Amino acid sequence: MYKIQGAECRPHSVIQTKDWGFVLVGETGFVEDRSARIFVVKTDRLGELIWKREFGKRGHNLGNCVSEAMDGHYLITGCLNLDAALIKVDSVSGKTIWTRTWNLGTEDAFEGLTVTPDGGILATGYKSGLAEGTFLNWGKGVLLKTNSEGKEEWRRDLSTFTSSGYRMKPSAGGFLLACHPKDEESKDHNLLKVDGQGRVLWAKTYNTVYWGFDTKPNGETLLAGHTRKSDLSKNWDAELTVVDSKGKTLWTKFFGQPR
């Protein structure tokens, strides 16, 4: 456990890096009382601390996702002072290489990112959220492409489909985007397939909210999250759903939670 004195620290994303170590991103402090800062930790393969860094002044800041750039440095997405943020940090020291922010609406954040075949960056998240905390903010979904230096190349409005893009992975002919339902009254949509220009090829609806996913070489995708659609309880239950390359459900399993 890595602590900042006088603050609570929590990770939202972790990856294993090319050197077999790990990078975690989240926040210190609390978003609710505007004491949060983005917090990034780098460890070796055994979990021993190499460096830790905080980013942003105390306020409404979110550390949401991390990825490894083609040059081996690390890319962080989140929110800085209510603006969507993309940060590149040095893999050896954790020092900032560059920071880019976007004022897209009232409260904006990038939730997920992936590196594109040309070395660029694809970031997804929301604009005009509710500034309620670190999870479902019921904003308007966005998808944005930059070059390797974080300079914007194009932007797509995904609000017809989702309140927020959450996680992304490359997929044959484009990218898969796990996302949150488009609003609190609707369960649509959970998974989008977009092409290399961010145009939606298809949108699928399954159950409720997915917080992670992974893909296989044959195009099958595992979605992991929680739902109220199971028969196990009247509360939120854990769910695993596997879909094929076209988004057709192959199987779903539910698991009870102690809530």
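Look up a bit, the structure's there.
Figured I'd write up the structure that's included with this text. Keep in mind that this is a model prediction, so the values were computed, not measured.

For the rest of this paragraph, the subject is unusual backbone geometry. With a phi close to 75 degrees, Trp 20 is a non-glycine residue in the positive phi region. Following the sequence through the fold, Trp 20 ends up in the loop between β1 (9–16) and β2 (22–28). Using a relative accessible area of 56% as the deciding quantity, one classes Trp 20 as exposed. Positive phi, normally seen in glycine, also occurs at Leu 82, with a value near 75 degrees.

Another aspect to go through is the packing of aromatic side chains. Counting across every chain of the model gives three aromatic pairs. When the ring of Trp 51 is compared with that of Tyr 74, the centres are 6.5 Å apart and the planes differ by 35 degrees; the resulting orientation is tilted. Of the two residues, Trp 51 is situated in strand β4 (residues 49–59) and Tyr 74 in strand β6 (residues 74–80); the sequence distance between them amounts to 23 residues. Of the two residues, Trp 51 and Tyr 74, both sit in the buried class.

The sheet built from four strands is open, its strands ordered β5-β6-β7-β8 with antiparallel pairing. Only two strands of the sheet have a single partner each, and these edge strands are β5 (62–68) and β8 (96–102). The mean inter-strand angle of the sheet, taken between neighbouring strand axes irrespective of direction, is 20 degrees.

Before going further, it helps to examine the environment of Val 41. The topology assignment puts Val 41 in strand β3 (residues 36–43). Overall, Val 41 belongs to the buried group, its relative accessible area being 5%.

Before going further, it helps to examine the sheet that holds strand β20 (residues 249–255). Strand order across the open sheet formed by four strands is β17-β18-β19-β20, with antiparallel pairing between neighbours. At either margin of the open sheet sits one strand with a lone partner, and together these are β17 (209–215) and β20. The mean angle between the axes of side-by-side strands here comes to 20 degrees, regardless of whether they run parallel or antiparallel. Two elements, β17 and strand β18 (residues 221–227), share six bridges in a ladder whose sense is antiparallel. Paired with Thr 215 across the strands is Thr 221, a residue of β18.

So, about the pairing of strand β12 (residues 152–157). Sheet analysis places strand β11 (residues 140–146) next to β12, joined by five bridges and oriented antiparallel. Across the sheet, Leu 144 pairs through a bridge with Arg 155, a residue of β12. Linkage of β11 to β12, two consecutive antiparallel strands, is achieved through a turn of five residues, within which Gly 150 is found at a positive phi near 85 degrees.

About the thresholds
- Residues numbered from 1 in each chain as written.
- Predicted model: local features only at pLDDT ≥ 70, side-chain atom pairs only at ≥ 80, totals over all residues.
- Heavy atoms only, no water.
- Helix = DSSP H or I, 4+ residues; strand = E, 2+ residues; numbered from the N terminus.
- Buried < 20%, exposed > 50% of the residue type's maximum accessible area, 1.4 Å probe, protein only.
- Phe/Tyr/Trp six-rings, centres within 6.5 Å; stacked < 30°, edge-to-face > 60°.
- Pairing = 2+ DSSP bridges.
- Axes fitted to C-alpha atoms, helices over the stretch in contact; angles between N-to-C directions.

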